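Topology and contacts: notes
Each chain is listed here by its residues.
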Amino acid sequence: MKNLKLSLCCFLVMIFTANYAQITPPKPENFKSITDGGTGSQPILNTIMHDLLDNKNAYNSNLKTIGSPYLDESYKIATVYYQGELQENFYVRHNILNDEIELKQTILPEEQPKALIRNKNIKLIFEDGKEIYFRKYKPKKENAVNGFVYAINDSATYNAYKVINAKFSEGHAATSSMVKEVPNRFSHFSIYYYSSKPEEILQPLPSNYKKFVKILEPELQEKLRGYIKENSLNLKEDDEIKSIFDYLNDNL
């Protein structure tokens, strides 16, 4: 009888383990969270996260929709830092329409994402090396705003960043056989910014390098102008902007 009870218990444990393994996806080896020995602390995590915005920029339509409010709809692993201290690894995606960073500790569909606080002490680093900061920047002909920016380089005298936004264009149904349906559409676009000091408001980076060179000290202008011409660079691509700013900082 005892052997029968023991066998039954073992059988139930095996069923539970198998079912749990099916619904709990394995985490990558480098993924650490508060529940499996991560470096963060629960009070801090509660401070840097809050509920997602309620129905901001929501739309209701039966029309086909092209594009997405997300930079990438899939979640990517990123490490969150607060005041320079490592907190947690999260699954992250960026809603660029709302400019909201969504966080999850698992990729289980039943886990509801949280939003990362909008705070200048926040930094995210993705596995591919991309870094996100929260900065104040001034769009052309507009007042300065606060938002998440992607660093092209950050930690030098001259720094460059990219702001990625989405615009939603509402479509309309076909009103007759002569008028085609126009789908809803999300369009993504990027704007580059720069700063010469970490605490300064980020300014739009001119796409014409000649305008940018003019803001520099006279002794730097000729050097940078020559470097850009020699290497056929411009201020319209991430890699080329990084190359220009790296050269600029190396020659201060």
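Everything that follows concerns the structure shown earlier in this document.
The paragraphs below set out a description of the structure included in this document.

What counts and what doesn't
By convention here, each chain's residues receive numbers from 1 onward along its written sequence. Per-residue local features are limited, in this predicted model, to residues with pLDDT of at least 70; the limit for side-chain atom pairs, both in listing and counting, is 80 or more; totals at the level of whole chains, interfaces and linings are taken over all residues. For side-chain calculations, the full set of non-hydrogen atoms in the structure is used, while hydrogens and water are omitted. Axis definition: a line fit to C-alpha positions, over the contact stretch in the case of helices; interaxial angles, taken between N-to-C directions, run 0 to 180 degrees. The helix count covers DSSP runs of H or I at least four residues long, the strand count covers runs of E at least two residues long, and both are numbered beginning at the N terminus. Take the far helix as the reference: if the near one is turned anticlockwise from it by less than a right angle, the crossing is left-handed, and if turned clockwise, right-handed. Contact criterion: two residues are considered in contact whenever any of their non-hydrogen atoms come within 4.5 Å of each other. Under the convention adopted here, Pro, Cys and the residues Ala, Val, Leu, Ile, Met, Phe, Trp and Tyr are nonpolar, Asp, Glu, Lys and Arg are charged, and Gly plus all remaining residues are polar. Whenever Lys or Arg places a side-chain nitrogen within 4 Å of a carboxyl oxygen from Asp or Glu, that contact is recorded as a salt bridge. Here the term buried applies to any residue with accessible area under 20% of the maximum for its type, exposed to any over 50%, and partly exposed to those in between, with areas from a 1.4 Å probe on protein chains only. Expected span, for any helix, means 1.5 Å times one less than how many residues it has. Think of it as the arc spanned by the lines of direction from the helix axis to the C-beta atoms.

1. Comments concerning the packing of helix H4 (residues 218-230) against helix H5 (residues 238-250)
- Between H4 and H5, the least distance of the axes is 10 Å, while the angle of their chain directions is 145°. The hand of the H4/H5 crossing is right-handed. Note on element contacts: H5 touches H4 through Ser243, Ile244, Tyr247 and Leu248, opposite Leu220, Lys223, Leu224, Tyr227 and Ile228.
- Partitioning the contact of H4 with H5 into residue classes produces seven nonpolar, one polar and one charged.

2. Side note on the pattern of salt bridges
- Using the criterion set out here, one finds eight salt bridges in the structure.
- When the shortest N-O distance is used, the salt bridge between aspartate 99 and arginine 118 registers 3.5 Å. Within this pair, whereas aspartate 99 is found in the loop between strand S4 (85-95) and strand S5 (100-104), its partner arginine 118 is found in the loop between strand S6 (114-116) and strand S7 (122-126), the two being separated by 19 residues in sequence.
- Residue aspartate 99 is classed as buried on the basis of its relative accessible area, which comes to 11%.
- Among the residues examined, arginine 118 registers a relative accessible area of 41% and is labelled partly exposed.

3. Considerations on H5
- Compared with an ideal rise of 1.5 Å per residue, which puts 13 residues at 18 Å, H5 spans 18 Å between its outermost C-alpha atoms and is within 8% of the ideal.
- Every buried residue belonging to H5 is among Ile241, Ile244, Phe245, Leu248 and Asn249, and all of these are buried. Taken down its axis, H5 places every buried residue within 130° of arc, on the same side. Exposed and facing more than 90 degrees away from the buried side of H5 are Asp239 and Asp250.
- Close packing links the buried residues of H5 with strand S9 (145-153), strand S10 (159-169), strand S11 (184-195), helix H3 (209-213) and H4.

By themselves, these figures tell us nothing about what the structure is for.
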